[in-house]
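Read off the chains here:
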Amino acid sequence: MPSMRYVILQQNNDLKFVEMPEEYAYQLSALNLRLNKEIAKLTAANVPSLPLAVAECDRLDLLQPSLQIASGINYINELESAFASIQEENYPLISLLTEIRALQAQLEQWYEEEELI
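The structure reproduced in this document is the subject of the present report.

How each quantity is defined
Residues numbered from 1 in each chain as written. Predicted model: local features only at pLDDT ≥ 70, side-chain atom pairs only at ≥ 80, totals over all residues. Heavy atoms only, no water. Pairing = 2+ DSSP bridges. Helix = DSSP H or I, 4+ residues; strand = E, 2+ residues; numbered from the N terminus. Axes fitted to C-alpha atoms, helices over the stretch in contact; angles between N-to-C directions. Contact = heavy atoms within 4.5 Å. Patch = residues over 30% accessible without salt bridge, like charges linked within 9 Å, V, L, I, M, F, W, Y side chains within 5 Å. Areas by Shrake-Rupley, 256 points an atom, 1.4 Å probe, with all protein chains shown as cover. Salt bridge = Lys/Arg side-chain N within 4 Å of Asp/Glu carboxyl O. Lys, Arg positive; Asp, Glu negative; His and termini not counted. Charge placed at Lys NZ, Arg CZ, Asp CG, Glu CD. Buried < 20%, exposed > 50% of the residue type's maximum accessible area, 1.4 Å probe, protein only. Core = buried A, V, L, I, M, F, W, Y, C linked by side-chain atoms within 4.5 Å. Parallel < 35°, antiparallel > 145°, perpendicular 65-115°, else oblique. Left-handed = near helix turned anticlockwise from the far one by under 90°. Phe/Tyr/Trp six-rings, centres within 6.5 Å; stacked < 30°, edge-to-face > 60°.

## What to know about the sheet that holds strand 1 (residues 4-11)
Spatially, the four strands line up as an open sheet ordered 3-1-2-4, and their pairing is mixed. Of all strands in the sheet, those bounded by a partner on one side alone are strand 3 (52-57) and strand 4 (69-71). Across the sheet, the axes of successive neighbouring strands diverge by a mean angle of 30°, strand direction being ignored. Sitting on the sheet, helix 3 (residues 93-114) is in contact with strand 1, strand 2 (14-21) and strand 4, with an inclination near 60° to strand 2.

Take a look at the structure:
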């Protein structure tokens, strides 16, 4: 069984738990912090709101049945889709999309090698 880490994201009072391969969890956290820093510079009307990475951990036991753990590949696919749909004209959005897609490609390769997709 591959070693996984959990990135905990917060948006208002809601928490999201994203399961990532151990070697990519930091990349998701760093990407999230960068996106949160840069999102304020976007001028498009359809900019998605993002949760903020607040923690990482090696083990996670959820105690509330209403909480769920999201797959890292599913989360990054949703993130890519949200940013690809932005109609931005004043900010080089392509650089943010490139970073998202780089992590997306790494995760796809990892999941294929682990045969978890």
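More follows now that the structure is in view.
## Looking at a negative patch on the surface
A grouping of Glu22, Glu23, Glu108, Glu112, Glu113, Glu114 and Glu115 is seen on the molecular surface, where their side chains present a negatively charged patch. If you list the elements that add at least two residues to the negative patch, you get helix 1 (22-38) and helix 3. Of the residues forming the negative patch, the biggest block, four residues, is contributed by helix 3. Exposure remark for Glu115: the relative accessible area of 69% places this residue in the exposed category.

## Here's the deal with the nonpolar core
In terms of nonpolar packing, the biggest core is built from 30 residues, with Met20, Leu28, Leu35, Ile76, Leu79, Phe83 and Leu107 touching the most fellow members. Those elements that provide at least two residues to this core are strand 1, strand 2, helix 1, helix 2 (72-84) and helix 3. Top contributing element to this core by residue count: helix 3, with eight residues. When near neighbours in sequence (up to four residues on either side) are disregarded, Leu35 contacts Leu50, Leu79, Phe83, Leu96 and Ile100.

## Some points on the packing of helix 1 against helix 2
Direction vectors running N to C along helix 1 and helix 2 enclose 25°, while the axes themselves pass 13 Å from each other. Taken together, the axis directions place helix 1 and helix 2 in an arrangement best described as roughly parallel. Handedness of the helix 1/helix 2 crossing: left-handed. Across from Leu28, Leu31, Asn32 and Leu35 in helix 1, the residues of helix 2 making contact are Tyr75, Ile76, Leu79 and Phe83.

## Comments concerning the packing of aromatic side chains
Applying the stated criterion across every chain, the model contains one aromatic pair. With centroids separated by 5.0 Å and ring planes inclined at 85°, the aromatic side chains of Trp110 and Tyr111 adopt a geometry described as edge-to-face. Looking at Trp110, the relative accessible area reads 6%, which means it is buried. Since its relative accessible area comes to 5%, Tyr111 is described here as buried.

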